[in-house]
Amino acid sequence: ASISLAVTDRSWPRVGRALDLFAWTASPLARLTWRRLGMDAGLVFGAVLVAFRLANIFPWDLPTLDMHAYWTSRAAIDYSSFSPFIIGAYLYSPAFAHAIAPLTALSWPIFAGLWTAILFAALAWMAGRWSLPLLLFSVAVPLELMLGQVDILIAVAIVVGFRYPGAWALPLLT
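Just so we're clear, the structure is a prediction, and the values are computed from it rather than from any experiment.

S.K.: Before we move on, can you summarise the packing of aromatic side chains with the specific residues and values?
M.R.: Tallying each qualifying case throughout the model produces 10 aromatic pairs. On the basis of an interplanar angle of 65 degrees and a centroid distance of 6.1 Å, the ring pair of Phe-45 and Phe-120 is categorised as edge-to-face. Residue Phe-45 is located in helix α2 (residues 28-54), and its partner Phe-120 is located in helix α6 (residues 108-127); the two are separated by 75 residues in the primary sequence. An aromatic cluster of at least three residues, connected via ring pairs, comprises Tyr-70, Trp-71, Tyr-90, Tyr-92, Phe-96, Trp-108, Phe-111 and Trp-115.

S.K.: Provide a residue-level description of the packing of α6 against helix α8 (residues 140-147), including the pertinent values.
M.R.: Axis separation between α6 and α8 bottoms out at 9 Å; the angle between their running directions is 155 degrees. The angle between the axes of α6 and α8 places the two elements in the roughly antiparallel class. Crossing of α6 against α8: the hand is right-handed. Residue-level contacts link Leu-119, Phe-120 and Leu-123 of α6 to Val-141, Glu-144 and Leu-145 of α8.

S.K.: Now, about α8: what can you tell me, with residues and values included?
M.R.: Looking only at α8, the buried set comprises Val-141, Glu-144 and Leu-145. One side of α8 carries all its buried residues, which in axial view fall inside an arc of 95 degrees. In the stretch just after α8, Gly-148 is the one whose phi turns positive, near 75 degrees.

S.K.: Hey, could you go over the nonpolar core for me, with residue numbers and the actual values?
M.R.: Core analysis: the largest hydrophobic core is formed by 28 residues, its most contacted members being Met-67, Tyr-70, Phe-96, Trp-115, Leu-145 and Val-150. Sorting the residues of this core by element identifies α3 (66-72), α4 (94-99), α6, α8 and α9 (151-161) as the ones contributing at least two each. Residue contributions to this core peak at nine residues, all from α6. Each residue touching Leu-145, except ones within four places of it in the same chain, is listed here: Leu-49, Arg-53, Leu-119, Phe-120, Leu-123, Leu-135 and Ile-152.

The rules behind these values
- Residues numbered from 1 in each chain as written.
- Predicted model: local features only at pLDDT ≥ 70, side-chain atom pairs only at ≥ 80, totals over all residues.
- Heavy atoms only, no water.
- Phe/Tyr/Trp six-rings, centres within 6.5 Å; stacked < 30°, edge-to-face > 60°.
- Helix = DSSP H or I, 4+ residues; strand = E, 2+ residues; numbered from the N terminus.
- Axes fitted to C-alpha atoms, helices over the stretch in contact; angles between N-to-C directions.
- Parallel < 35°, antiparallel > 145°, perpendicular 65-115°, else oblique.
- Left-handed = near helix turned anticlockwise from the far one by under 90°.
- Contact = heavy atoms within 4.5 Å.
- Buried < 20%, exposed > 50% of the residue type's maximum accessible area, 1.4 Å probe, protein only.
- Arc of directions from axis to C-beta.
- Core = buried A, V, L, I, M, F, W, Y, C linked by side-chain atoms within 4.5 Å.

Just geometry here; none of it tells us what the structure is for.
In structure tokens, the structure reads:
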């Protein structure tokens, strides 16, 4: 019995020091920092992607993305020349084209960067501290952001629509 007590007495200070490494999480400011880490890291990731889009760096500048279809709606919408099987075809309502018309007046890299920033801001608002885990461990969210699809904005409209029913107009526009 005296041997096990001696081993316990010698090993406890090491365990106590290991537990002290996480003592910083006990302060309110540290807990707030730890809670915001996922959202802040997601926003930094988004800022890097926006910079890539603004700099027109391959593969972030491909014109086959959904957001390119939104951008091309500025010229004219010819539904007869598009089909669901054509990549980059604008198959949305003309009302959506009118709603994003001020953005489509910008050049392609600026439009792509701004659209990506809007999507990342929407993701950070909805997911909060889960933004980074969604970016790292899901397939759908990074793909939505890469292609610039409108689905994240539709999700925002659904969330806001629970409080303000007029927000349901965005999914109707698309």
